[in-house]
Amino acid sequence: MGAIHSPAIIVGGRVVGNPADAILQYLEQHGGTVTHYDFRAATFGQINPDLIRATRSPWMGSRISAKEAAWIIDRGTSAPWAGIPLDAQLKEADPLVESGLYDRAAALWEHFWDARPANVSTAKISKVLYLMRPGLFPILDSYLTRFYRTAARAAAINAAQKRPSLARFRTLYWEAVRRDIAASEVALRALRRVLPATGAPLAEQATERLSDLRLLDMLAFAASPGQARAGGDDVPG
């Protein structure tokens, strides 16, 4: 297979010069995570023990205990899923649109966040919600929050100037990621055209089944090499 290339994409203020190559490397190094975690996304009608197992080691290392899992599963039975389609996309969740997708996603998040027990935090909740709505909820573990912190602070300042009710937030991670997706739509389409033609393992499936959100997440990993994240790396929740 010859060299492959797709247009550069900016993630969190950092440039990934060849996204196609970066994604292929991710698929090669973390194929188990993609197969046993990502490809399970959007296949669950509700949060259940099977979904929780997919978030644990060796795939995503969520460290969700049996007690925490029981709480998350029970909490999920009363969550406002109906307001958010299975194929909801983060790029459509503009925080400046009142009562729009962003607000409905926030209500779903807060359903878990506001009642959470000790040791259930951002990473654990996001790894679960990603599997339920994979185009909408970023996997906000400690890695991605560090990576996007500066951009999330800038997004919060900008959004608060236009919608004062958002002024209580010091960071808006969803919005920072959403802006990168919106700015990279052309490049992401090019990336999806290139990947299947490589014939690499998982490339065609990844093109068909991974959301733009998850592709960007993988590129964020590529943009900061040396920081362990997936494929068995245990990230605290």
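Residues numbered from 1 in each chain as written. Predicted model: local features only at pLDDT ≥ 70, side-chain atom pairs only at ≥ 80, totals over all residues. Heavy atoms only, no water.

1. Some remarks on the confidence of the model for the protein
For residues with low pLDDT, the predicted coordinates do not support detailed interpretation.
Here is step 1: For the protein, per-residue confidence averages 93 on the pLDDT scale, and 94% of positions sit at 70 or higher.
Here is step 2: Scored below 50 in pLDDT, residues 231-237 makes 29 contacts in the model with residues more than four places away or belonging to other chains. (pLDDT = per-residue confidence, 0-100. Contact = heavy atoms within 4.5 Å.)

2. Comments concerning helix H6 (residues 122-132)
Here is step 1: Most of H6 sits out of view: 10 of its 11 residues are buried.
Here is step 2: Those residues of H6 that sit buried are Ala123, Lys124, Ile125, Ser126, Lys127, Val128, Leu129, Tyr130, Leu131 and Met132.
Here is step 3: Looking at the packing, one finds that the buried side of H6 touches helix H3 (49-55), helix H4 (66-76), helix H5 (101-113) and helix H11 (212-223). (Buried < 20%, exposed > 50% of the residue type's maximum accessible area, 1.4 Å probe, protein only. Helix = DSSP H or I, 4+ residues; strand = E, 2+ residues; numbered from the N terminus.)

3. A look at unusual backbone geometry
Here is step 1: In this structure, the amide linkage connecting serine 57 to the following residue, proline 58, adopts the cis form with an omega of 10°.
Here is step 2: Along the polypeptide, proline 58 turns up in the loop between H3 and H4.
Here is step 3: For serine 99, which is not glycine, the phi torsion reads 65° and is therefore positive.
Here is step 4: With respect to the secondary-structure elements, serine 99 resides in the loop between H4 and H5.
Here is step 5: Judged by relative accessible area, which is 62%, serine 99 ranks as exposed.

4. Some remarks on the packing of helix H1 (residues 19-29) against H11
Here is step 1: In contact at an axis separation of 9 Å, H1 and H11 are set at 90° when each is read in the N-to-C sense. Between H1 and H11, the crossing angle belongs to the class labelled roughly perpendicular. Two secondary-structure elements touch here, H1 through Pro19, Ala22, Ile23 and Tyr26 and H11 through Arg214, Leu215, Met218, Leu219, Phe221 and Ala222.
Here is step 2: Of the residues contributing to the contact of H1 with H11, the split by class is 9 nonpolar, no polar and 1 charged. (Axes fitted to C-alpha atoms, helices over the stretch in contact; angles between N-to-C directions. Parallel < 35°, antiparallel > 145°, perpendicular 65-115°, else oblique. Nonpolar A, V, L, I, M, F, W, Y, C, P; charged D, E, K, R; others polar.)

5. Observations regarding the packing of aromatic side chains
Here is step 1: Under the counting rule described, the total for this entry stands at 11 aromatic pairs.
Here is step 2: With a centroid separation of 5.5 Å and 90° between ring planes, the pair formed by tyrosine 26 and phenylalanine 221 is classed as edge-to-face. Of this pair, tyrosine 26 sits in helix H1 while phenylalanine 221 sits in helix H11, and the two are 195 residues apart along the sequence. Of the two residues examined, tyrosine 26 and phenylalanine 221, each falls in the buried class.
Here is step 3: Grouped by ring-pair contacts, the aromatic residues Tyr26, Tyr143, Phe147, Tyr148 and Phe221 constitute a single cluster.
Here is step 4: Just above the ring of tryptophan 113 sits the side chain of arginine 116; from NZ or CZ to the centre is 3.6 Å.
Here is step 5: Just above the ring of phenylalanine 39 sits the side chain of arginine 209; from NZ or CZ to the centre is 4.3 Å. (Phe/Tyr/Trp six-rings, centres within 6.5 Å; stacked < 30°, edge-to-face > 60°. Lys NZ or Arg CZ within 6 Å of the ring centre and 35° of its normal.)

6. Examining a positive patch on the surface
Here is step 1: Taken together, the side chains of Arg146, Arg149, Arg153 and Arg170 make up a positively charged region of the molecular surface.
Here is step 2: Locating arginine 146 in the fold gives a position in helix H7 (residues 142-162). (Patch = residues over 30% accessible without salt bridge, like charges linked within 9 Å, V, L, I, M, F, W, Y side chains within 5 Å. Areas by Shrake-Rupley, 256 points an atom, 1.4 Å probe, with all protein chains shown as cover. Salt bridge = Lys/Arg side-chain N within 4 Å of Asp/Glu carboxyl O. Lys, Arg positive; Asp, Glu negative; His and termini not counted. Charge placed at Lys NZ, Arg CZ, Asp CG, Glu CD.)

7. What to know about the pattern of salt bridges
Oppositely charged side chains can pair when the atoms bearing their charge come close.
Here is step 1: Tallied over the full model, the rule gives 11 salt bridges.
Here is step 2: Residue aspartate 50 pairs with arginine 40 through a salt bridge whose shortest N-O separation is 2.5 Å. With aspartate 50 in helix H3 and arginine 40 in the loop between helix H2 (31-36) and H3, this residue pair connects regions lying 10 residues apart in the sequence.
Here is step 3: Note that aspartate 94 is salt-bridged to arginine 178, the shortest N-O span being 3.7 Å. Taken together, the residues span a long stretch of sequence, with aspartate 94 in the loop between H4 and H5 and arginine 178 in helix H8 (residues 173-183) at a distance of 84 residues.
Here is step 4: The class of arginine 178 is buried, set by a relative accessible area of 12%.
Here is step 5: Several salt bridges converge on common partners, so that one network encompasses Asp94, Glu175, Arg178 and Arg179.

8. Remarks on the side chain of serine 126
Here is step 1: Among the secondary structure elements, serine 126 is positioned in helix H6.
Here is step 2: Its relative accessible area of 0% is what places serine 126 among the buried residues.
Here is step 3: Not counting residues up to four positions away in its chain, the partners in contact with serine 126 are Trp109, Pro138, Ile139, Leu140 and Asp141.

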